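Here is what each chain is made of, one letter per residue.
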Amino acid sequence: MAYKIVASQCTSCTACEAECPNVAITEKGGTFVINPKKCTECIGYFDIPQCVAVCPVDNTCIIDNNFPRYQPRA
Amino acid sequence: MMYDAEQSLEVIEEAGSSVADLLQQIAEHKGCGTSGGSGKASCGSAAGSGDLAPEIWEKVKNHPCYSEEAHHHYARMHVAVAPACNIQCNYCNRKYDCANESRPGVVSEKLTPEQAAKKVLAVASTIPQMTVLGIAGPGDPLANPAKTFKTFELIYNTAPDIKLCLSTNGLMLPDHVDTIAKYNVDHVTITINMVDPDIGAQIYPWIFYQNKRYTGREAAQILTDRQLLGLEMLTERGILCKVNSVMIPGVNDKHLVEVNRAVKSRGAFLHNIMPLISAPEHGTVFGLTGQRGPTAQELKALQDSCEGEMNMMRHCRQCRADAVGLLGEDRSAEFTTDKIMEMEVDYDIDSRRAYQAKVEVERQAKVTAKQTELETLAGEMSDVKILIAVATKGGGRVNEHFGHAKEFQVYELSTGGAKFVGHRRVDLYCQGGFGDEDSLESVIRAINDCAAVFVAKIGGCPKTDLLKAGIEPVDQYAHEFIEQSAIAYFKDYLARIRSGEIEHIVRGDADIRQGAFING
């Protein structure tokens, strides 16, 4: 799976964009979106997903169930 | 536009000075006939040249956010290039963005560094009083270091006479002190609400630091350590540092005396204690939990108790992160991104200097008038202290009609002279709880601790109601300098007590109003 941003709650503050280690977050139509192909849930980089940790609105960066969990290569 | 042509003309006539004439010439030259006027007044902090070291006074005398009279004459602007933040404060809600909202953390539009630089030049060319550019958010400037410093670089290269400053929560400050020095940013404000992590845990639910989210006491401990380290590093480099604190009754109100000592000992030159803004409709944690802000008397008492330690600032308007204009007069609507991008900007440093030289002459006249009046108070012996409210729209004069005033400046009068101690907003508000109330009643509540209100003019009805409330309406000093008039009034007040004509009564408390402005 990847993370996704709940557009209706996004304040467009840009905080997540700078923290994403995969450069997976970009602005689209006034709010921000995560590219699920690039998102690694921060596995291999940090203990917690950076977008979740820095987002000022709780429950705005959440797991997207439409994608399988990210599997780090062995 | 803040003014229509008629209002603008009125402002200029009433200012009646060569400064206004020159300003009008500049405005006309720039093809903008209505931008002039001395603008709406702010007020004066207690800090004047007498309280500050000469080298500090030299740096702050033209800075409207810092010095007593400068904000009567000079304007500042904020550019909103820093949207991201790295901490969460219980008094802040970034989601709320009413167009009329006027408080920190709120902006109408974000700017790129390039747009911001163009906006600064456009404003500086139209408003020669504009001497200061600040970056204050709407997030934290140092959580957006690339955007913040790119903006400073662009302005530093094209308009070197504009002072640069920034306002930060301090978490990332130690990492950027050298860059701050490099761009000649000589004024930094740190918001420090506590030096005790147990108190901090009640104000900050979390911080984001070194790729981790910290909460509770641990978060507050990191924050206070970083803030105080950053302050020390600025002081070492000779960069002026002001400390802002939000007064939260029952949480940090008593503790702020300790904060005051901690920041003073580390070299902060000015402390600005501001009332908590916590209207429920803002949706902040404090707004929703019903945490109240301080009353006017509580705020003043805390500021007074810290004043022995260091200079206190009392004129803060808690502006938005995209404010433009003199303090208390937001002209940001004139300079939206669309309008700026269409503007032909001709940055004329000479006309700016000519305006500023005239301003210095006017300021000197005011200081001299106050000094002369003050000498006549010598020999008066009395413990009596009273507060007065003043309706003014600028230039340090009593020049606003009672009914037009959107705020009153409050001065404390004693045999020591007239001291600015704060301001009270009485403007129209969004309907949150104030909608049905009689406006005169709410004005009286806002200045209920004052013995008199100085105005340029006042109608019969409000006069009667003010007298009934024990507040004397005074229009005999219309268009005179405020402090000179206040001292003259106080002498007369003492004389009237002596003759038995009046009885000195200690006044009650007053409300601090908050909420969104309604422009119009």
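Residues numbered from 1 in each chain as written. Chains lettered and ligands numbered in written order. Predicted model: local features only at pLDDT ≥ 70, side-chain atom pairs only at ≥ 80, totals over all residues.

**Section: the overall build of chain A**
In step 1: Broken down by element type, chain A carries two helices and four strands.
In step 2: Helices and strands appear in chain A in the N-to-C order β-α-β-β-α-β.
In step 3: Each principal axis of the C-alpha atoms in chain A carries an extent, and together these give about 35 × 25 × 20 Å.
In step 4: Considering only residue pairs separated by 6 or more positions, chain A has 67% of its internal contacts joining residues 24 or more positions apart. (Helix = DSSP H or I, 4+ residues; strand = E, 2+ residues; numbered from the N terminus. Contact = placed C-beta atoms within 7 Å.)

**Quick word on the overall build of chain B**
In step 1: Along chain B, the regular secondary structure elements total 17 helices and 16 strands.
In step 2: Considering only intrachain contacts with a sequence separation of at least 6, the fraction spanning at least 24 residues in chain B is 74%.

**Focus: the interface of chain A and chain B**
Size of an interface, as often reported, equals the accessible area lost when the parts are brought together.
In step 1: Each partner contributes to the interface: chain A provides 13 residues, whereas chain B provides 13 residues.
In step 2: The set of elements that each furnish at least two residues to the side of chain A that touches chain B consists of α1 (15–19) and α2 (50–54) of chain A.
In step 3: Ranked by the residues each element gives to the side of chain A that touches chain B, the list is headed by α2 of chain A, at three residues.

**Focus: the sheet that holds strand β7 (residues 212–215) of chain B**
All names here are of chain B.
In step 1: Here three strands make up an open sheet; going across it, the order is β2-β6-β7 and the pairing antiparallel. At either margin of the open sheet sits one strand with a lone partner, and together these are β2 (87–88) and β7.
In step 2: Packed on one face of the sheet, helix α9 (residues 216–236) meets β2, β6 (206–209) and β7 and runs near 105° to β7. (Pairing = 2+ DSSP bridges. Axes fitted to C-alpha atoms, helices over the stretch in contact; angles between N-to-C directions.)

**Structural notes on the packing of helix α14 (residues 349–375) of chain B against helix α17 (residues 482–498) of chain B**
All names here are of chain B.
In step 1: At their nearest, the axes of α14 and α17 sit 8 Å apart, and the two run at 15° to each other. Compared by their axis directions, α14 and α17 come out roughly parallel. In this structure, α14 crosses over α17, and the sense of that crossing is left-handed. In contact with Ala 369, Lys 370, Glu 373 and Leu 374 of α14, α17 contributes Glu 483, Gln 484, Ile 487 and Ala 488. (Parallel < 35°, antiparallel > 145°, perpendicular 65-115°, else oblique. Left-handed = near helix turned anticlockwise from the far one by under 90°.)

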